[in-house]
Amino acid sequence: MSDFLESAKQKVGQAINRASWETQKRLRINSKQSELNKLKEERENVVESLTSAVMLLYRQGQLTDAQLRKYCERLVEMERETMLVSAQLEQIRAEVYEGQQNAGISGMVLPGMPPINPFPVPPTPPTPKQNAPAAKAQQPAMVPCPTCGELVRAQALFCNKCGTKLH
């Protein structure tokens, strides 16, 4: 009987170790996802600033490559950072709990019960082709330009056709 209790105690300890490891992994995934979201948001802000600056210079007839270079350099830098953080995030997601492999001990499984994963990884969202109606619903609303009538994004700062400032 004491062997059974010792074995049960050991397996409970292993389950606790695995749950702790899974929690730490989830925290690291959430941290990287947050970092990735911030980079994407910053990139969107830079793209919007770039668009505003280019349109303003275009309307004023003062568009030069030197003025655009700093925006483009930052965008390239942000794309590199985004790729790096995305790769780090995928690396964390791909990690597998190794536990005490050296001791030859597997995860806790009770007779007649399947193994339990307390922190399952959520399924990967469908690609746009798999969920086309939802993708259409997420597209930005389009509104006509008050000057020329061209359809532009509701959040656009300038009309792509005539350059009128919208907001």
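Here, the structure is the one placed above.
Presented here is a report on the structure given in the accompanying data block. (Residues numbered from 1 in each chain as written. Predicted model: local features only at pLDDT ≥ 70, side-chain atom pairs only at ≥ 80, totals over all residues. Heavy atoms only, no water.)

### Details of the side chain of Ser-52
Heads up, the rule is: The helix count covers DSSP runs of H or I at least four residues long, the strand count covers runs of E at least two residues long, and both are numbered beginning at the N terminus. In this scheme, a residue with accessible area under 20% of its type's maximum is buried, one over 50% is exposed, and one in between is partly exposed, where area comes from a 1.4 Å probe on protein chains only. Contacts are assigned to residue pairs that have any heavy atoms within 4.5 Å of one another.
Mapped onto the fold, Ser-52 is located in helix α1 (residues 2-60). Taking relative accessible area as the criterion, Ser-52 reaches 17% and is therefore assigned buried. Once you skip the residues sitting within four places of it in the chain, Ser-52 turns out to touch Leu-157 and Phe-158.

### A few points about the state of the cysteines
Stated formally: For this text, the term disulfide refers to a pair of cysteine sulfurs within 2.5 Å.
Applying the stated rule across the entire model yields zero disulfides. Of the cysteine sulfurs around Cys-148, a residue in no disulfide, the closest is that of Cys-159, at 3.6 Å. Here Cys-162 stays free of any disulfide, with the sulfur of Cys-145 as its closest cysteine sulfur at 3.7 Å. What makes Cys-162 partly exposed here is its relative accessible area of 34%.

### Notes on the environment of Leu-63
Summarising the element assignment, Leu-63 is placed in the loop between α1 and α2 (65-94). Residues Leu-63 and Ala-53, 10 residues apart in the sequence, show an inter-C-alpha distance of 9.0 Å. With sequence-adjacent residues up to four places away left out, Leu-63 is seen in contact with Val-54, Leu-57, Tyr-58 and Leu-68.

### Some details on the packing of α1 against α2
The criterion, for reference: Lines fitted to the C-alpha atoms define the axes, with helices restricted to the stretch that makes contact. Angles between their N-to-C directions range from 0 to 180 degrees. What sets the label is the angle itself: under 35 degrees gives roughly parallel, over 145 gives roughly antiparallel, 65 to 115 gives roughly perpendicular, and the rest give oblique. The crossing is said to be left-handed when, going from far helix to near helix, the turn is anticlockwise and less than a right angle, and right-handed when the turn is clockwise. Gly counts as polar in this scheme, as do all residues outside two lists: the nonpolar Ala, Val, Leu, Ile, Met, Phe, Trp, Tyr, Cys and Pro, and the charged Asp, Glu, Lys and Arg.
Two elements in contact, α1 and α2, have axes whose closest approach is 9 Å; the angle formed by their N-to-C orientations is 165 degrees. Our classification of the angle between α1 and α2 gives roughly antiparallel. Considering the relative orientation of α1 and α2, their crossing is left-handed. Considering only residue class, the contact of α1 with α2 consists of 16 nonpolar, six polar and 11 charged.

### Details of a nonpolar patch on the surface
Selection criterion: A patch consists of residues exposed above 30% relative accessible area that lack any salt bridge, with like charges linked at up to 9 Å and nonpolar side chains (Val, Leu, Ile, Met, Phe, Trp, Tyr) linked at up to 5 Å. What sets the accessible areas is the Shrake-Rupley method with a 1.4 Å probe; for residues, cover comes only from the shown protein chains. By salt bridge we mean one thing: a side-chain nitrogen of Lys or Arg within 4 Å of a carboxyl oxygen of Asp or Glu.
A surface patch of nonpolar side chains, about 410 Å² in accessible area, is lined by Met-1, Phe-4 and Leu-5. Looking at the secondary structure, you find Met-1 in the segment before α1.

### Let's talk about α1
Our working definition: An expected span of 1.5 Å times one less than the residue number is assigned to each helix.
The end-to-end C-alpha separation of α1 is 87 Å, in line with the 87 Å expected for 59 residues at 1.5 Å each. Once α1 ends, the next one or two residues include Gly-61, with phi positive near 70 degrees.

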